[in-house]
Amino acid sequence: MKLESLARPTVLRQPVYEPGKPIETVARELGLDPAGIVKLASNENPFGPSPKAVAAAKRALEQGQLYPDGGCFALRAKLAERHQLAPEQFVPGNGSNEIIELLGHVFLGPGDEVVMGAPAFVVYKLVTLLFGAVAVEVPLRDFAHDLPAMAKAITDRTKLVFVGTPNNPTGTGNPAAALLAFARALPEHVVLVVDEAYAEYDRHAADLRPLIVEGRHVIGLRTFSKIHGLAALRVGYGYGSREMAALLNRVRQPFNVNAIAQAAAVAALDDHAFVERCIRDNQAGLERLAAGARALGLEYAPSAANFLLVKVGDGARWFAELQRQGLIVRPLQPYGLPAWIRITVGTAEQNERLLAAMAVLARG
Ligand SMILES: *Cc1c(COP(=O)(O)O)cnc(C)c1O
């Protein structure tokens with residue numbers, strides 16, 4: 001008997017996620033020196049992790065023989081302080097990706113519908129399909145989620161609605177007032193998931209707390225992978241009502257966030273100077289990349305995040321040409337945007353190197 005025939009049908013139908021290419025892979029494939037390769041493909045922080053987080057992680061490693069605190073007490077206490085909520089309103093995750101999966105465990109079954117933007121973060125769709133639910137994709141409007149159209153797409157079968165703001169892969173956010181009004185008009189049988197992976201970069205990001213206080217069915221998702229520069233450690237969280245956190249905690253594995261990540265995350269939350277510097281430098285870099293694209297006559301999406309979506313014509317060719325020069329960007333055919341590439345804002349030096357390479361390509 002073929003092993004595959006024993007698998008659940010949803011597993012066999014499951015599409016495969018294509019992550020940004022690691023530096024080591026590109027170096028191996030193209031025979032390049034990894035030291036000369038710049039990765040601007042996964043919206044990582046070009047300034048690294050906060051030094052305070054690194055120090056805390058090293059200290060935590062000294063106690064590596066012990067299981068982590070399964071309840072993430074210190075992290076939830078720090079998050080409660082930061083968001084002005086109670087520790088019981090947080091659910092820690094192995095990256096915020098894991099929280100998306102936990103939402104599937106709690107809320108989704110065959111035939112349920114999940115409303116999401118297109119193009120948006122592919123994990124919303126992957127998790128939807130994994131649980132046998134139906135992905136209802138609503139095209140973006142002006143590069144952001146089309147909230148009125150998403151409201152119209154909701155049916156009696158809708159369980160979850162995902163809104164990423166700023167959205168990935170466009171970088172464009174929804175105005176806070178529009179998001180809050182959308183949330184308040186949702187029917188009670190729908191849970192709103194607001195993916196705030198890039199919220200720290202966005203001056204206009206909504207504050208979800210009023211919705212939580214009003215008892216709306218809403219959850220915010222945050223990550224330490226972007227502004228805090230801890231993508232390697234895999235840590236993020238969801239926050240909402242106590243009921244929301246309790247439901248998600250039921251399906252969470254006891255030690256889903258390791259002790260090194262917990263310690264680093266707590267320290268990262270205290271490193272305000274690092275976060276402020278990253279916001280400032282990112283803003284400058286984003287403006288520089290946008291100005292560079294304009295100078296080359298290339299269209300781009302308005303971004304409030306740490307990346308820029310640029311229309312280059314043949315995205316696959318640009319990706320390959322840039323990669324040959326040790327510059328890894330993200331090609332977007334998998335997102336249905338073959339004419340575009342997504343570029344993470346790098347250091348000032350990395351941005352200049354990229355723009356110089358782009359100028360040569362644009363001249364053809
Ligand atoms: C990067 C990103 C995340 C964060 O994923 P982690 O699992 O926390 O690393 C979540 N949502 C979006 C839209 C992202 O781009």
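Residues numbered from 1 in each chain as written. Predicted model: local features only at pLDDT ≥ 70, side-chain atom pairs only at ≥ 80, totals over all residues. Heavy atoms only, no water.

Visitor: Can you help me understand the domain arrangement of the protein chain in this one?
Guide: In many reports, interface size means the accessible area that the parts give up when they come together. Its domain assignment divides the protein chain into domain 1 (8–39 + 273–362) and domain 2 (51–270). For domain 1 versus domain 2, the distance between C-alpha centres works out to 24 Å. Counting residues at the interface gives 25 residues for domain 1, matched by 25 residues for domain 2. Overall, the association of domain 1 and domain 2 removes approximately 2,200 Å² of surface from exposure, summing both partners, and the carbon and sulfur fraction of that is 68%. The interface formed by domain 1 and domain 2 holds 0 salt bridges in total. Across the domain 1-domain 2 interface, the total number found is 6 residue pairs in polar contact (both at pLDDT 80 or more). For the side of domain 1 that touches domain 2, the elements supplying multiple residues, two or more each, are helix 12 (272–295), strand 9 (307–311) and strand 12 (340–344). A per-element tally of the side of domain 1 that touches domain 2 places helix 12 first, with 6 residues. Per-class residue counts for the side of domain 1 that touches domain 2 are 16 nonpolar, 6 polar and 3 charged. (Domains from an automatic or database assignment. Contact = heavy atoms within 4.5 Å. Buried area = accessible area lost by both parts, 1.4 Å probe. Salt bridge = Lys/Arg side-chain N within 4 Å of Asp/Glu carboxyl O. Polar contact = N/O pair within 3.5 Å; in protein donor to acceptor, adjacent residues only side chain to side chain. Helix = DSSP H or I, 4+ residues; strand = E, 2+ residues; numbered from the N terminus. Nonpolar A, V, L, I, M, F, W, Y, C, P; charged D, E, K, R; others polar.)

Visitor: For this particular structure, what's the right way to read empty space enclosed by the protein?
Guide: Summary: where empty space remains is shown by rolling a probe the size of a single water molecule over the atoms. Summed over the entire model, instances satisfying the criterion amount to 2 cavities of 30 Å³ or more. Size it by volume and the largest cavity reaches roughly 50 Å³. Lining the largest cavity are Asn-45, Pro-46, Phe-47, Tyr-201, Cys-278, Asn-282, Asn-306 and Val-345. Here the lining of the largest cavity is composed, by residue class, of 5 nonpolar, 3 polar and no charged. Here the second largest cavity is characterised by a volume of approximately 30 Å³. Around the second largest cavity, the lining residues are Thr-165, Leu-179, Val-194, Glu-196, Asp-202, Ala-205, Ala-206 and Leu-208. Grouping the constituent residues of the lining of the second largest cavity by class yields 5 nonpolar, 1 polar and 2 charged. (1 Å grid on protein atoms, 1.4 Å probe; cavity = no way out; pocket = protein on both sides within 12 Å on 5 of 7 lines; lining within 4 Å. Points joined across faces, edges and corners; volume = space filled by probe spheres on them.)

Visitor: Would you take a moment to explain the side chain of Ser-225 for this structure?
Guide: Along the polypeptide, Ser-225 turns up in the loop between strand 7 (218–223) and strand 8 (236–239). Of the residues examined, Ser-225 reaches a relative accessible area of 6% and is grouped as buried. A polar contact is formed between the side chain of Ser-225 and the side chain of Arg-234, at a distance of 3.5 Å. (Buried < 20%, exposed > 50% of the residue type's maximum accessible area, 1.4 Å probe, protein only.)

Visitor: Is there a simple way to think about the sheet that holds strand 2 (residues 90–93) in this case?
Guide: Overall, mixed pairing links the 7 strands, which are arranged 2-8-7-6-5-3-4 in an open sheet. Either end of the sheet is taken by a strand with one partner, and the two such strands are strand 2 and strand 4 (134–139). Pairwise comparison of adjacent strand axes, ignoring direction, gives a mean angle of 20° for this sheet. Its contacts with the sheet put helix 4 (residues 73–83) on strand 2, strand 7 and strand 8, and the angle it makes with strand 2 is roughly 125°. Sitting on the sheet, helix 10 (residues 242–251) is in contact with strand 2, strand 6 (191–195) and strand 7, with an inclination near 35° to strand 2. (Pairing = 2+ DSSP bridges. Axes fitted to C-alpha atoms, helices over the stretch in contact; angles between N-to-C directions.)

Visitor: What is the right way to read the site of the ligand from this model?
Guide: The ligand sits among 13 residues. The nearest are Ser-96, Tyr-198, Thr-223, Ser-225 and Lys-226. Taking Thr-223, its side chain carries an N or O atom lying 2.5 Å from an oxygen atom of the ligand. Within the side chain of Lys-226, one N or O atom sits 3.2 Å away from an oxygen atom of the ligand. Here the shell around the ligand is built from residues that sort into 4 nonpolar, 6 polar and 3 charged. (Near = heavy atom within 4 Å.)

Visitor: Sorry, what's going on with the packing of helix 12 against helix 14 (residues 348–363) here?
Guide: Any two packed helices are characterised by how steeply their axes cross, that is the angle between the axes, and by the distance between the axes. At a minimum axis separation of 10 Å, helix 12 and helix 14 run at an interaxial angle of 10°. One finds that helix 12 runs roughly parallel with respect to helix 14. Together, Gly-285, Arg-288, Leu-289, Gly-292 and Ala-293 of helix 12 and Asn-351, Glu-352, Leu-354 and Leu-355 of helix 14 make up the contact between the two elements. Split into classes, the residues belonging to the contact of helix 12 with helix 14 amount to 4 nonpolar, 3 polar and 2 charged. (Parallel < 35°, antiparallel > 145°, perpendicular 65-115°, else oblique.)

Visitor: Sorry, what's going on with the pairing of strand 12 here?
Guide: Every other side chain in a regular strand lies on the same face of the sheet, so the side chains alternate between the two faces. Counting buried residues along strand 12, 5 of its 5 residues qualify, which places the element largely inside the surrounding structure. Neither face of strand 12 is exposed, since Trp-340, Arg-342 and Thr-344 on one face and Ile-341 and Ile-343 on the opposite face are all buried. Relative to strand 12, strand 9 runs antiparallel, the two being bridged by 5 bridges. When the sheet's bridge partners are listed, Lys-311 is paired in strand 12 with Trp-340. Note that strand 11 (residues 330–331) and strand 12 share 2 bridges and pair antiparallel.

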